[in-house]
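Residue-level listing of the chains:
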Amino acid sequence: QVQLVESGGGLVQAGGSLRLSCAASGRTFSSYAMGWFRQAPGKEREFVAGISWSGSRTGYADSVKGRFTISRDNRKNTVYLQMNSLKPEDTAVYYCAASPEGTYVNSWFGGYDYWGQGTQVTVSS
């Protein structure tokens, strides 16, 4: 079992940056692919970025390509999401998630077994 706790959210002006962290418990963290999803009020949860267990594969939603970077440190059981050039439309609750299919970057929320509680990101214009 994997437990996930996100941190690093907050209020930032458009054009600013934030770095989200997701700390995982459990010995098998390094075998899981990890993903970041977000959900804005009144909208469905959407894929933001994902990373394979080794970090060799990453994937991004078109809306964040070139602005967001996902990374992981398996020694620290932590996955990160560096968010630059933030826009008001990036405002959402951001969730990290763990998928047992460690080799792949899965953009489908149904492929993830474990979820964090979420952290709020608000970008003001």
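Right above here is the structure, for reference.
Every residue gets a number counted from 1 within its own chain, in the order that chain's sequence is written. Totals for whole chains, interfaces and linings use every residue, but because this is a predicted model, local features are given only for residues with pLDDT of at least 70 and side-chain atom pairs only at 80 or more, for both listing and counting. For side-chain calculations, the full set of non-hydrogen atoms in the structure is used, while hydrogens and water are omitted.

Q: Tell me about the sheet that holds strand β1 (residues 3-7), and name the residues and values.
A: Read across the sheet, four strands follow the order β1-β3-β8-β7 without closing on themselves; strand pairing throughout is antiparallel. Two strands bound the open sheet, and with one partner strand each, they are β1 and β7 (68-73). The mean inter-strand angle of the sheet, taken between neighbouring strand axes irrespective of direction, is 15 degrees. Only strands joined by at least two bridges in the DSSP assignment are considered to pair. A helix here means a DSSP run of H or I that spans at least four residues, while a strand means a run of E at least two residues long, and both kinds are numbered starting from the N terminus. Lines fitted to the C-alpha atoms define the axes, with helices restricted to the stretch that makes contact. Angles between their N-to-C directions range from 0 to 180 degrees.

Q: Please set out the nonpolar core residue by residue, giving values where relevant.
A: Working definition of a nonpolar core: buried Ala, Val, Leu, Ile, Met, Phe, Trp, Tyr and Cys residues. They are joined through side-chain atoms within 4.5 Å. Burial status follows relative accessibility: with a 1.4 Å probe on protein chains alone, a residue under 20% of its type maximum counts as buried, one over 50% as exposed, and anything between as partly exposed. M34, W36, L81, M83 and Y94 are the most contacted members of the largest nonpolar core, which totals 29 residues. Mapped onto this core, the elements with two or more residues apiece are β3 (18-25), β4 (33-39), β5 (46-51), β7, β8 (78-83), β9 (92-99) and β11 (119-124). Working rule for contacts: check all heavy atoms of both residues, and any pair within 4.5 Å makes them a contact. If sequence neighbours within four positions are ignored, M34 has contacts with L4, C22, F29, A49, G50, I51, I70, R72, V79, A97, A98 and Y112.

Q: Describe the state of the cysteines, with residues and values.
A: For the purposes of this analysis, a disulfide is any pair of cysteine sulfur atoms at a distance within 2.5 Å. The full count for this structure, using the stated rule, is one disulfide. One disulfide bridge connects C22 with C96, the sulfur atoms lying 1.9 Å from each other. Classification of the bridge connecting C22 and C96 rests on its S-S torsion, roughly 45 degrees, and on that basis the disulfide is right-handed. You can see C22 sitting in strand β3 and its partner C96 sitting in strand β9, a full 74 residues away along the chain. For C22, a relative accessible area of 0% translates into the label buried. Classification of C96 by relative accessible area gives buried; the value is 0%.

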